[in-house]
Amino acid sequence: MAGATMSGGGMRRGLRDVPRTVWLLAAGQFFNMIVAFTFVYFFVYLTDERGLSVAQAGVISGIGGAGQVAGNFTGGWFGDRYGHRRVLLAGSLISGVGVLALPALPVPLLYVVPVLSQYAGGCVRAANGALVAIVVPEGARRQGFAVMRFAANAGFTVGPPLGALLIAQAGYGVLFVVDGVGTLVFAAYAGRVLPARGAGRAAVPGDGAAGPGVFASLRQRPVVVLLLVAILVTDLVYRQQYSTLPTDLDHHGIGTGVYGWLLAINGGLILLLELPVTVALRGRAPLRIIGGGVLLVGAGYGVLALGTGVGTAVAMMLLLTAGEVLYKTPATAFVADHAPAHAQGRFQSLYSGVSVSGVVLSAPLGGALYSAAPGALWPVCAGLAGLAGVLLLAAGRTGRPGVTHAEQVRPARETATRTG
C-alpha cells in the first residue's frame, strides 16, 4: 500500500513541475514518432522496390545515418543563433518534404536527398532537447526529458508495425506519403503550440549578453567533457544490440524470433519503468545514477562474455535496459543543468551528437572486432562501459566539479536570457 501511494502521489508531484509547453511538445513527438517509420524499411525499399544492390543500399543508408548524426551535432548551434523553435520548424519541413519526394527520386538523387532529410531530422532532435532545457526550470529537467523520451518511445513502439501494415496493404508509396505528411503536420502543430517568444533563442554574439564560446565553456566544465566522452563510448557499446548481437545469436543457433523478443523486452520495460524511475530518483546525485546505469550496460555485455545462449541473452537485455533507464535521461538533464544560458543549444547538440554516434560507428567497429576475434567483442564492450561507469562514479563523489562560481551564481542578465 505504501509503495502504491508513493508511485501514484509521488509521480504526480514529480511531474507537476513539467511545464505545459513540454507536455504539448511531447504529444507532438508521440505523433511524429508513430509516422516516422520510413527509415526502418528504407534499406529493404532500396533493394526490393528500387532494385539496388545491397552494397548500393548500404552506402545510401550509411551516408543518411551520417547526416542524422551531423544534424544532431549542429542543430543546437543554429538554434542558439536563430532560435530553437525556428530550427525545429524548418527541420521538420525539410525532413517531411524530403520523405515525400523519395518515391519520385531518380537513383542519383537517392545519394543526396535522404542525407539532407536525415540531417534536418537530426537538427529537430537537437532543437527538441534545447527547447526542453530552456523551458523547464533547473531541478525538474530530468522529469521533462523523461516525458519527452516516454512519448518518443511510445510512438516508436506503434510506428514500425503500422508501417509494415501500410506496406502490405498499399505499398511503399503510401508509407512515404503518410510519413512525409505526418512530419509536416507535426511542424504545423509545433508552430501553434510552441511560444513564438520566450524560449526560442539564446543570447547571440553582439547582443551584450553572450558569454564565452562553447569550447571555452567546456574547458570551464571538465565534468561535462568527461560525461560526453563516457556517453560516446557507452553508445558505441549500447548499439551493438542492433548489429553484432543478432549476428552472434545467429552464429550460436538462436533465431531471429528470440532476437525480436529481446527487443520487445527492452522497449516494453523502457515504457513501463523509465518515467517513474526518473521521477523517483530526481533528488539523487546525477553522476552516481548515470555511472551506475553505464556500469549496468557493461555488466549486460559481461554476461554475454560468459557464453551466448537464450538465458544469457535475456539477462544481458534486462541489464542493458536497466542501465538505459538509469543513464539516458539524467545524462541529458545533467548537460542542460551545466550549460551556460547563451550556449544551451550547443551543449544539447554535443550531447545529442555523441548519444547517437553509435548509429554510424558501432556496426563497423563492432563488426571489425567480431570478424577478427569473435570471443573478444563482449569482454571489450563490458570493459569499455565498465571503465566509463567507474569514471563517472568517481567524478560524482566530488560534487559538482568543473562548474565555475559564475555559473553557480548565475548573473541576473543570464538568467533572464534563459527564461526569455
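Refer to the structure presented above.
Residues numbered from 1 in each chain as written. Predicted model: local features only at pLDDT ≥ 70, side-chain atom pairs only at ≥ 80, totals over all residues. Heavy atoms only, no water.

## Side note on the overall build of the chain
Moving on, step 1. When helices and strands are counted, the chain shows 19 helices and zero strands.
Moving on, step 2. In the chain, buried positions account for 50% of the 420 residues.
Moving on, step 3. Of the contacts formed within the chain by residues at least 6 apart in sequence, a portion of 84% connects residues at least 24 apart.
Moving on, step 4. With the model as given, the accessible surface of the chain reaches about 17,600 Å², and the carbon-plus-sulfur share is 69%. (Helix = DSSP H or I, 4+ residues; strand = E, 2+ residues; numbered from the N terminus. Buried < 20%, exposed > 50% of the residue type's maximum accessible area, 1.4 Å probe, protein only. Contact = heavy atoms within 4.5 Å. Areas by Shrake-Rupley, 256 points an atom, 1.4 Å probe, with all protein chains shown as cover.)

## Comments concerning helix α11 (residues 244-251)
Spacing of three or four residues puts side chains on the same side of an α-helix, whose turn is 3.6 residues.
Moving on, step 1. Turning to α11, its buried residues number three or more, namely T244, L245, D248 and L249. All buried residues of α11 lie within an arc of 135 degrees about the axis, which places them on one face of the element. Pointing more than 90 degrees away from the buried face of α11 are the exposed residues D250 and H251.
Moving on, step 2. G253, located one to two residues past α11, shows a positive phi value of around 80 degrees. (Arc of directions from axis to C-beta.)

## Observations regarding the pattern of salt bridges
Moving on, step 1. Enumeration over the complete set of coordinates arrives at six salt bridges.
Moving on, step 2. Note that E324 and R149 form a salt bridge whose closest N and O atoms lie 3.2 Å from each other. Residue E324 is found in helix α14 (residues 310-338), and its partner R149 is found in helix α7 (residues 141-170); the two are separated by 175 residues along the sequence. For the pair formed by E324 and R149, the shared burial category is buried.
Moving on, step 3. Salt bridges here are not isolated pairs; linked through shared partners, they connect R149, E274, E324 and K328. (Salt bridge = Lys/Arg side-chain N within 4 Å of Asp/Glu carboxyl O.)

## Quick word on the nonpolar core
Moving on, step 1. Membership of the largest hydrophobic core comes to 44 residues, with the highest contact counts inside it found for L227, L245, I290, Y301 and F347.
Moving on, step 2. Of all the elements in the fold, those that place two or more residues in this core are α9 (214-219), α10 (222-238), α11, α12 (256-280), α13 (286-304), α14, α15 (344-355) and α17 (377-396).
Moving on, step 3. The residues contacting L227, other than those within four sequence positions of it, are I290, A331, F334, V335 and L392.
Moving on, step 4. L25, L89, A190 and L194 belong to the second largest nonpolar core, which has 30 residues in total. (Core = buried A, V, L, I, M, F, W, Y, C linked by side-chain atoms within 4.5 Å.)

## Quick look at the packing of α10 against α17
Moving on, step 1. Packing of α10 against α17 brings their axes to within 9 Å, and their N-to-C directions diverge by 160 degrees. Judged by the angle between their axes, α10 and α17 are roughly antiparallel. For the pair α10 and α17, the sense of crossing is left-handed. Contact residues: V223, L226, L227, A230, V233, T234 and V237 in α10; C381, L384, A385, A388, L391, L392 and A395 in α17.
Moving on, step 2. The residue makeup of the contact of α10 with α17, split by class, is 13 nonpolar, one polar and no charged. (Axes fitted to C-alpha atoms, helices over the stretch in contact; angles between N-to-C directions. Parallel < 35°, antiparallel > 145°, perpendicular 65-115°, else oblique. Left-handed = near helix turned anticlockwise from the far one by under 90°. Nonpolar A, V, L, I, M, F, W, Y, C, P; charged D, E, K, R; others polar.)

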